[in-house]
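Observations on chain architecture
Spelled out from the first residue to the last, the chains are:
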Amino acid sequence: MKLRIYNTLTRRKEDFTPLNPDHVTIYVCGPTVYNYAHVGNARPVVVFDLLVRLLRHDYKRVTYARNITDIDDKIIEASQESGVSISQITEKYARIYEADMAALNAGPPDLTPKATDYIDQMIAMTGTLIDKGYAYKKDGHALFSVPSMSNYGELSGRKLDEMIAGARVDVASYKKDAADFILWKPSTETQPGWDSPWGRGRPGWHLECSCMIEDNFGDTIDIHGGGLDLIFPHHENEIAQSRCAHGGIALANYWMHNGYLTVDGEKMSKSLGNFITVHDLLEEFPGRGEAIRMNLLSAHYRQPVDFSHDGIRQAQKQLDRWYRLTDGVDTDGVKVPNAVLDALRDDLNTPKALAELNSLAKKAVNDDGAASQLKVAANLFGVLEQDDWFDGIVDDSALSEMAIGKLITERAEAKKNKDFARADDIRNQLSEQGISLLDGPEGTSWERR
RNA sequence: GGCGCGGUGGCGGAGAGGCUACGCAGCGGAUUGCAAAUCCGUGUACACCGGUUCAAAUCCGGUCCGCGCCUCCA
């Protein structure tokens, strides 16, 4: 089966055909690095990581880019409030972001362009847009003239007159039209800035993505992704900039947008204060990044996922089972079963794919081949990649292995003497320390919970 | 006000005209000194009201409820 993708641009599921059959290009909007990412921010990361894994399976070559916004008013604010330099802030949080996402088995993309490395390109594109009559300068600003583009609003399905009618914000004096957006804005003495033909300033937010794509991939990429909330205005404006700069050529052929992570049905967001950072969640569930990942993939990517600790626990139980079933299996030369691949190729139907994994798990009980397939398929999913899943986290307060071993020996003695009261006593004692004893044919083993 | 998404068994969650996924939890049983794990069995749910159809959770119309975007936002 061929990969099918729901394209926001056409509002339909379409067969995916890359421009170059041997090389797929994909760009996803990344973080503005001035604080910790919350679980909602992690959703697109996990979703598109899975998509890229699938693309790599199906195509010879894939280049995946995710930008880092390291110049932005919020970063400037954070720097001024804390007295810490902008580069220190952005480097710190970019590092944390990468580590937190890696804990969810979402490795770094092939390219992670930073906005501040593309200042020249942004100045150049702004110049091009002004030259072509799609942008203008006013009071140190450069602005994109939305009415100059005939088919503005294609992606979000908005009409210009409707937008103006619904405008909730006062129109800045330097804008010719309420819908116009900033390409370049002036910086004060105390704000960071770069020299440009329009004076010292800094780029508007939408511009970096257009320039990074142009610089790394050319006019058109195959897939452009991000969260639902980026459709308007961010992606709409990216399209406007790139198409007008490139003579009308499409910026991306397929636009994909993931749904929100919600909390009690409401969007998780910083302004509502209903967020939990990935960093904190990983402390709550140490070593269980895969369970968080599974939870994020438990619903179809375009549907909302309601965040709950219980959801993560559920995912963890499923992983526990799969880890037991696949312990020590040989995966050499084993292929991912088509049932799993086809579920994913159908617009990334992860719940269906998970059902297929469970079907393999059922067979794996007495079928080594199925166990191998489960492992390989789960690996494509980005789980079952740890070999220390049951080792748990050892901290200073935890019992040493030697102490546990001693208690197990003592319990074995008690069992031999039919002193089951003492044996249960030891089980309970260890259980309180988070250690489960498992009696098997070859004696007693243990796991940390 | 404009545009859009959704309401599926106790919970999570696919599906999308007939074959009624899947997971978690529960219940009954097997096994086990106990426990875990495992195995077998067990649940006719699709917001409401009409309509189309031989057949609707799936199509059409209406109603109610929840959510989102229109401003920074993954």
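Now for a look at the structure at hand. Computed from a prediction, not measured in an experiment: that's the story for all the values here.

1. Details of helix H11 (residues 338-345)
Listed in full, the buried residues belonging to H11 are Val340, Leu341, Ala343, Leu344 and Arg345. Residues of H11 that are buried in the fold lie against strand S1 (4-7), helix H1 (39-58), helix H12 (350-364) and helix H13 (368-381). The first or second residue beyond H11 is Asp347, which carries a positive phi of 50°.

2. Here's the deal with the side chain of Asn237
Mapped onto the elements, Asn237 comes out in helix H7 (residues 231-245). Note on Asn237: relative accessible area 2%, which makes it buried. Ignoring sequence-local partners within four residues, the contact set of Asn237 consists of Tyr152, Phe181 and His206.

3. Comments concerning the protein's contact with RNA strand B
In the vicinity of RNA strand B lie 46 residues, with Trp205, Gly227, Leu230, Gln318 and Asp439 positioned nearest. If you look at RNA strand B and keep only atoms within 4 Å of the protein, 61% of those are sugar or phosphate atoms. Leu261 places a polar main-chain atom, nitrogen or oxygen, 2.9 Å from a base nitrogen of RNA strand B. Its residues assigned to classes, the surface near RNA strand B shows 17 nonpolar, 15 polar and 14 charged.

4. Focus: the pattern of salt bridges
If you walk through the whole model with that rule in mind, you get 22 salt bridges. Taking the shortest distance from any N to any O, the salt bridge between Glu14 and Arg12 comes out at 4.0 Å. As a salt-bridge pair, Lys185 and Asp73 come within 2.9 Å of each other at their nearest N and O atoms. Of the two residues, Lys185 is situated in strand S7 (residues 181-186) and Asp73 in helix H2 (residues 73-82); the sequence distance between them amounts to 112 residues. For Asp73, a relative accessible area of 31% translates into the label partly exposed. Shared partners join several salt bridges into a network, and the residues in it are Asp49, Arg53, Arg293 and Glu385.

5. A short note on the packing of aromatic side chains
Counted by the stated rule, this structure contains 7 aromatic pairs. Plain terms: the ring middles of Trp184 and Trp198 are 6.2 Å apart, the flat faces sit at 55° to each other, and that makes the pair tilted. Highlighted residues: Trp184 in strand S7 and Trp198 in the loop between S7 and strand S8 (201-203), separated in sequence by 14 residues. Take Trp184 and Trp198: they sit in the same class, and that class is buried. Considering the side-chain rings of Tyr323 and Phe390, the 6.4 Å spacing of their centres and the 75° angle between planes classify their relative orientation as edge-to-face.

Cut-offs and rules
- Residues numbered from 1 in each chain as written.
- Chains lettered and ligands numbered in written order.
- Predicted model: local features only at pLDDT ≥ 70, side-chain atom pairs only at ≥ 80, totals over all residues.
- Heavy atoms only, no water.
- Buried < 20%, exposed > 50% of the residue type's maximum accessible area, 1.4 Å probe, protein only.
- Helix = DSSP H or I, 4+ residues; strand = E, 2+ residues; numbered from the N terminus.
- Contact = heavy atoms within 4.5 Å.
- Near = heavy atom within 4 Å.
- Polar contact = N/O pair within 3.5 Å; in protein donor to acceptor, adjacent residues only side chain to side chain.
- Nonpolar A, V, L, I, M, F, W, Y, C, P; charged D, E, K, R; others polar.
- Salt bridge = Lys/Arg side-chain N within 4 Å of Asp/Glu carboxyl O.
- Phe/Tyr/Trp six-rings, centres within 6.5 Å; stacked < 30°, edge-to-face > 60°.

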